[in-house]
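# Understanding the architecture of this molecule
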Amino acid sequence: MVWKVIGGLLVLWLVVSVAGVLIKGLFWLAVIGGILFVATAALGWAKDKKEIKP
């Protein structure tokens, strides 16, 4: 379930970033979307590392 939420957020941030690039004058939207995309990916990666037990 957590992976579905993280995946959905990644897709949402990607769409926001692309919209910011395509719509003239909304470069700030692309920057915010990119930052949120990286943060969500890092959160997912950290959760994945936490769940793997040796």
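Positions within a chain are numbered from 1, following the residues in the order the chain's sequence is written. Where totals are concerned, whole chains, interfaces and linings use all residues; where local detail is concerned, this predicted model gives features only for residues with pLDDT of at least 70, and gives and counts side-chain atom pairs only at 80 or more. Only heavy atoms go into the side-chain values, all of them from the structure, while hydrogens and water stay out.

This part takes up the overall build of the chain. A count of helical and extended segments in the chain gives two helices and zero strands. In the chain, buried positions account for 15% of the 54 residues. Reported accessibility uses the Shrake-Rupley method at a 1.4 Å probe radius. Residues are deemed covered only where the shown protein chains occlude them. Summed over all atoms, the accessible surface of the chain reaches about 4,300 Å², with 79% contributed by carbon and sulfur. Each helix is a run of DSSP H or I of at least 4 residues and each strand a run of E of at least 2, with the numbering of both proceeding from the N terminus. Three exposure classes are used, based on accessible area relative to the maximum for each residue type with a 1.4 Å probe and protein chains only: buried under 20%, partly exposed in between, and exposed over 50%.

Time to look at the side chain of T40. The topology assignment puts T40 in helix α2 (residues 27-51). The exposure class assigned to T40 is buried, which follows from its relative accessible area of 8%. Within the structure, T40 has its side chain in polar contact with the backbone oxygen of L36 (distance 2.8 Å). Between N or O atoms, a polar contact is any pair within 3.5 Å; within protein, one atom must be a potential hydrogen donor and the other a potential acceptor, and residues adjacent in sequence are included only when both atoms are from side chains.

Next up on the list: the UniProt feature "transmembrane region" (unreviewed entry) in the chain. Under the local residue numbering, the UniProt record ascribes the feature "transmembrane region" (unreviewed entry) to residues 29-46. The distance separating the terminal C-alpha atoms of residues 29-46 is 26 Å; by composition the span is 100% helix and 0% strand. UniProt positions are given in the numbering used here, feature names are shortened, and annotations may be inferred rather than shown by experiment.

With respect to the helices and strands, I32 occurs in helix α2. Taking C-alpha positions, I32 is 8.4 Å from V16, a pair spaced 16 residues apart along the chain.

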